[in-house]
Amino acid sequence: MKLSKTLSNALSDPRLFREHAYVDGKWTHGDGGREAAVFDPATGEAIGHIPWLEAHQIREAVDAADAAYVHWRALRADERCERLLAWYDLLQAHREDLATIMTLEQGKPLPDARGEVEYGASFVRWFAEEGKRTFGETIPSHIPNAALGTLKEPVGIAALITPWNFPLAMITRKAAAAMAAGCPVIVKPAGETPFSALALAELAERAGIPAGVFNVVLGEPAEVSKILCGEERIKALSFTGSTRVGRLLLEQCAGTVKRVSLELGGNAPFIVGPDMDPREAALAAVAAKFQTAGQDCLAANRILVHESIHDAFVEHFAERMAALTVGNGLESEVDLGPLIHRQAVDKAAAIVDDAISRGATLVAGDQNAAPGRNFFMPVLLTGVTPQMMVWREENFAPVAGVTAYSDDEEVIAMANDTEYGLAAYVYTHDIRRIWKLLRALEYGMVSVNSVKMTGPPVPFGGVKQSGLGREGGITGIDEYLETKYYCLGALGSVSGS
Ligand SMILES: NC(=O)c1ccc[n+]([C@@H]2O[C@H](COP(=O)([O-])OP(=O)(O)OC[C@H]3O[C@@H](n4cnc5c(N)ncnc54)[C@H](O)[C@@H]3O)[C@@H](O)[C@H]2O)c1
Ligand SMILES: N[C@@H](CC=O)C(=O)O
């Protein structure tokens, strides 16, 4: 296999760029000779190649994880903590190289990629510590002469399937929780962004994470996922990605009754109250819409503005949007990189065309100004309605749809009019309105007067068809733990038991 010059030359530690899968502590070729190219979305150039593993090699990864499980779960929590903290230190030390890899394969601007490395590393530190707090309970006994309680035990091997939009943090938020709980992991990263996952594997090895505990398998997505979901020895599946694929994997896990955590798509409403300064709200909405070029599950998809300030809001939004620079994420001063591939550009164009054909107004967004094939200039549409794709679907592109509403009841109904329920934004300083919306919005996360809402202490996740379970926070590790109840009977007369 040809080693890419571009990527390894761009790194101060070229060994972080790996073009093999990582199984049982070994860098692995595909036995069948199948491979796939990985492209820089900004230039369209191939930056490297990855092997596709064969079915028996995926099973070998499960064998390796199974063998490693015996020793990894037997370590004390503080011993696992030490190894995870060593991994955290290495992620920090190699932040710049990890960010370069990410920008080259994902396209996001370098400062955002650095931010994601920090963000991803912060989950490793968080769960390293949380692993020491997986407390069981003492239960006041209703059975004479008995002691009752619970223990927390690792669930077993976890398969982690992750998307391309956050190629590093979506892995660490799962893997660190699972590994801290005592579970080995098999990661299947998105084919568009495997190199961040493989760099994580290289650093896990250097951190002293034993062979078989952190594995990265590569291959044809449906083929690999089917094997992982059908494997009896894998006890948990954690998936981040689209609702469409999440549904499919949930079905595939039914046969082995796995523990399933799903972090799926979003269609976030961004609600602006009548009391808001329209400029302040517009600046926040632009920030909530265009990060990662709109390819973020938290991106503000439907911007719902009170009719009394709608026109002023739109004016400020358009002005701020016009100041955004679109370009190669490696260049300085770039705010929006490319979309992940041409299909994403075509989908964004179709969403905009659909909205215009159904009566929306295109306020700004001239695609002739796009600096390359995979770029999409930010678009502002007004007058969007529930009949339009831009309202119904997660657009996952820099397309902002604005509409006016007249009262709280109307905006609540509008905001909840979607199968998704991940995150919602509310901008108002009226405490009664805040409380009313907070309670009425059918979302797993509601952020009031703040664009930033995530981080390690937060229970991240959605309701409705945005997912199952929560990642991060004090409950994130529970996704990888079983509760074992015990009853110690015939203890003799145990006072107060
Ligand atoms: N809720 C969250 O925390 C969160 C975070 C990031 C991204 N997302 C969501 O992820 C989506 C974008 O990511 P994406 O395009 O990579 O999602 P995707 O569902 O297409 O792919 C996600 C993963 O599933 C694999 N996959 C794709 N097709 C498959 C199939 N048929 N069978 C089995 N596996 C398959 C991919 O290779 C990848 O590893 C968006 O919907 C976004 O909202 C959600
Ligand atoms: N921004 C999200 C990822 C969604 O795409 C996060 O913080 O997890």
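The shown structure was predicted, so the numbers you read here are calculated from the model rather than taken from an experiment.

## Brief notes about the UniProt feature "domain: Aldehyde dehydrogenase" (unreviewed entry) in the protein chain
The feature "domain: Aldehyde dehydrogenase" (unreviewed entry), as annotated in UniProt, sits at residues 27-485 in this numbering. Segment residues 27-485 splits into 40% helix and 20% strand. End C-alpha atoms: 41 Å apart.

## Some details on the UniProt feature "active site" (unreviewed entry) in the protein chain
Feature annotation in UniProt assigns "active site" (unreviewed entry) to the following positions: E263. E263 gets classed as buried once you look at its relative accessible area, which sits at 4%. Residues within four places of E263 in sequence aside, it is in contact with K174, F239, T240, G241, L422, F460, G461, G462, S466, G469, R470 and E471.

## Some points on the layout of surface pockets
Quantified by volume, the second largest pocket comes out at close to 520 Å³. Y119, F166, Q291, D296 and T454 are the residues nearest the centre of the second largest pocket, which is lined by 23 residues in total. Mapped by element, the contributors of at least two residues to the lining of the second largest pocket are α5 (110-130), α6 (169-181) and α10 (278-290). The greatest single-element share of the lining of the second largest pocket, amounting to four residues, is contributed by α5.

## So, the site of ligand 2
Around ligand 2 sit Y119, N165, F166, M170, R173, D296, C297, L298, T454 and F460, and that is every residue in its neighbourhood. Within the side chain of Y119, a nitrogen or oxygen atom sits 2.5 Å from an oxygen atom of ligand 2. In the model, an oxygen atom of ligand 2 is placed 2.8 Å from a nitrogen or oxygen of the N165 side chain. Here the shell around ligand 2 is composed, by residue class, of six nonpolar, two polar and two charged.

## Points about the site of ligand 1
Surrounding ligand 1, one finds 29 residues, the nearest of these being T162, K188, S242, L264 and E394. Take W164: an N or O atom from its side chain is 2.9 Å from an oxygen atom of ligand 1. S225 has a polar side-chain atom sitting 3.0 Å from a nitrogen atom of ligand 1. Taking 840 Å² as the accessible area of ligand 1 by itself, protein coverage stands at 89%. Listed by contribution, the elements that provide at least two residues to the shell around ligand 1 are α6, α8 (221-230), β10 (234-240) and α9 (243-254). Considering only residue class, the shell around ligand 1 consists of 17 nonpolar, eight polar and four charged.

## Structural notes on the sheet that holds strand β5 (residues 138-139)
Read from one edge to the other, the open sheet built from three strands follows the order β5-β6-β20, with strand pairing classed as antiparallel. Each edge of the sheet is formed by a strand with only one pairing partner; in this case those strands are β5 and β20 (481-488). Across eight bridges, the pairing between strand β6 (residues 147-154) and β20 is antiparallel. Among the inter-strand pairings, E153 is bridged to a residue of β20, identified as E482.

## Comments concerning unusual backbone geometry
Although it is not a glycine, D24 sits at a positive phi angle of roughly 55°. A positive phi angle, near 55°, is found at T292, a position not held by glycine. Assignment of secondary structure puts T292 in the loop between α10 and β13 (300-306).

## Thoughts on the pattern of salt bridges
Taken as a whole, this structure holds 30 salt bridges when the rule is applied. One salt bridge connects R433 with D275, and the closest N-O pair in it is separated by 3.6 Å. Taken together, the positions of R433 in helix α15 (residues 431-440) and D275 in the loop between β12 (268-272) and α10 put the pair 158 residues apart, joining distant regions of the chain. Relative accessible area serves as the criterion here: at 16%, R433 is assigned to the buried category. Taking the shortest distance from any N to any O, the salt bridge between E409 and K436 comes out at 2.9 Å. Pair noted here: E409 is in helix α14 (residues 408-416) and K436 is in helix α15, with a separation of 27 residues, a long-range link. E409 sits in the partly exposed class, given a relative accessible area of 48%.

Reading the values: rules and limits
Residues numbered from 1 in each chain as written. Chains lettered and ligands numbered in written order. Predicted model: local features only at pLDDT ≥ 70, side-chain atom pairs only at ≥ 80, totals over all residues. Heavy atoms only, no water. UniProt positions renumbered as here; feature names shortened; annotations may be inferred. Helix = DSSP H or I, 4+ residues; strand = E, 2+ residues; numbered from the N terminus. Buried < 20%, exposed > 50% of the residue type's maximum accessible area, 1.4 Å probe, protein only. Contact = heavy atoms within 4.5 Å. 1 Å grid on protein atoms, 1.4 Å probe; cavity = no way out; pocket = protein on both sides within 12 Å on 5 of 7 lines; lining within 4 Å. Points joined across faces, edges and corners; volume = space filled by probe spheres on them. Near = heavy atom within 4 Å. Polar contact = N/O pair within 3.5 Å; in protein donor to acceptor, adjacent residues only side chain to side chain. Nonpolar A, V, L, I, M, F, W, Y, C, P; charged D, E, K, R; others polar. Areas by Shrake-Rupley, 256 points an atom, 1.4 Å probe, with all protein chains shown as cover. Pairing = 2+ DSSP bridges. Salt bridge = Lys/Arg side-chain N within 4 Å of Asp/Glu carboxyl O.

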